[in-house]
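A look at the structure
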Amino acid sequence: QVQLVESGGGLVQPGGSLRLSCAASGFIFSYAAMSWYRQAPGKARELVASVDSAGGSKTYADSVNGRFTISRDNAKNTVYLQMNSLKPEDTAVYYCKQASKNSWGQGTQVTVSS
């Protein structure tokens, strides 16, 4: 069974940084493109960033481009999201998933507030 366990969220001040991690199992991680999504209360889930299977091609939503960096360590079956210069509008539950699948983990809460 596919398992995705997000971690690293928390409360941070505007302008601060967090690094999220997603530990994956139940599929061949090194063959899978991975994505990060986020969802704020009452809002639709939105795509934040994606990375190809080797980590060589990355895409970002315009709202986070230049501030967030997606990366992966295939030896650890883990994908990361480094978030810098955080803004209150980044507040959401963050999820990772295989880009080609629709299975979700529990997510990790990120709150940006002073």
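The written sequence of each chain sets the order in which its residues are numbered from 1. For this predicted model, a pLDDT threshold of at least 70 governs which residues receive local features, and a threshold of 80 or more governs which side-chain atom pairs are given and counted, while totals over whole chains, interfaces and linings are taken from all residues. Where side-chain values are given, they derive from all heavy atoms of the structure, hydrogens and water being excluded.

**A few points about the pattern of salt bridges**
A side-chain nitrogen of Lys or Arg and a carboxyl oxygen of Asp or Glu constitute a salt bridge if their distance falls within 4 Å. Counted under the stated rule, the structure contains three salt bridges. For the salt bridge of R38 with E46, the shortest nitrogen-to-oxygen distance reads 2.7 Å. Residue class for R38 comes out buried when judged on its relative accessible area of 6%. Residue exposure (1.4 Å probe, protein chains only): buried if accessible area is under 20% of the type maximum, exposed if over 50%, otherwise partly exposed. According to the relative accessible area criterion, E46 is partly exposed, its value standing at 36%.

**Notes on the nonpolar core**
Note that soluble globular proteins tend to have their nonpolar side chains buried in a common cluster. W36, V79, L81, M83 and Y94 are the most contacted members of the largest nonpolar core, which has 27 residues in total. Helix and strand definitions here come from DSSP, where helices need a minimum of 4 consecutive H or I residues and strands a minimum of 2 consecutive E residues; each element is numbered from the N-terminal end. Mapped by element, the contributors of at least two residues to this core are β3 (18-25), β4 (34-39), β5 (46-51), β7 (68-73), β8 (78-83), β9 (92-98) and β10 (108-112). If we skip the residues at most four places from it in the chain, L81 touches L18, R19, L20, W36, V48, A49, F68, T69, I70 and Y94. The set of buried Ala, Val, Leu, Ile, Met, Phe, Trp, Tyr and Cys residues whose side-chain atoms join them within 4.5 Å is what this entry labels a nonpolar core. By the convention used here, residues are in contact when the closest approach between their heavy atoms is within 4.5 Å.

**Describing the state of the cysteines**
Defined by distance alone, a disulfide is two cysteine sulfur atoms within 2.5 Å. Applying the stated criterion across every chain, the model contains one disulfide. Here C22 engages in a disulfide with C96; their sulfurs sit 1.7 Å apart. Note on the C22 and C96 pair: the S-S dihedral is about 40 degrees, so by sign convention the disulfide is right-handed. Separated by 74 residues along the polypeptide, C22 in strand β3 and C96 in strand β9 bring together distant segments of the chain. Per residue, the accessibility class of C22 equals that of C96, and both read buried.

**A word on the environment of V5**
With respect to the helices and strands, the residue V5 is situated in strand β1 (residues 3-7). Put simply, V5 and T69 are 64 residues apart on the chain and 19 Å apart in space, counted from C-alpha to C-alpha. Residues contacting V5, with those up to four places away along its chain left out, are S21, C22 and A23.

**Structural notes on the pairing of β8**
Note on strand geometry: in a regular strand, side chains alternate between the two faces of the sheet. A large share of β8 lies buried, amounting to five of its six residues. Pairing between strands requires that DSSP locate at least two bridges from one strand to the other. Across six bridges, β7 lies against β8 in antiparallel orientation. Residue pairing for β8: I70 is matched across the bridge by L81.

**Brief notes about the side chain of T108**
As for its placement among the helices and strands, T108 is situated in strand β10. Under this definition, polar contacts are N or O atom pairs within 3.5 Å; protein pairs additionally need one hydrogen-donor-capable and one acceptor-capable atom, and for neighbouring residues in sequence, both atoms have to be side-chain atoms. Among the polar contacts made by the side chain of T108, one reaches the main-chain amide nitrogen of G9 at a distance of 3.0 Å. If sequence neighbours within four positions are ignored, T108 has contacts with E6, S7, G8, G9, L20, A92, V93 and Y94.

Worth remembering: the numbers are spatial, not functional.
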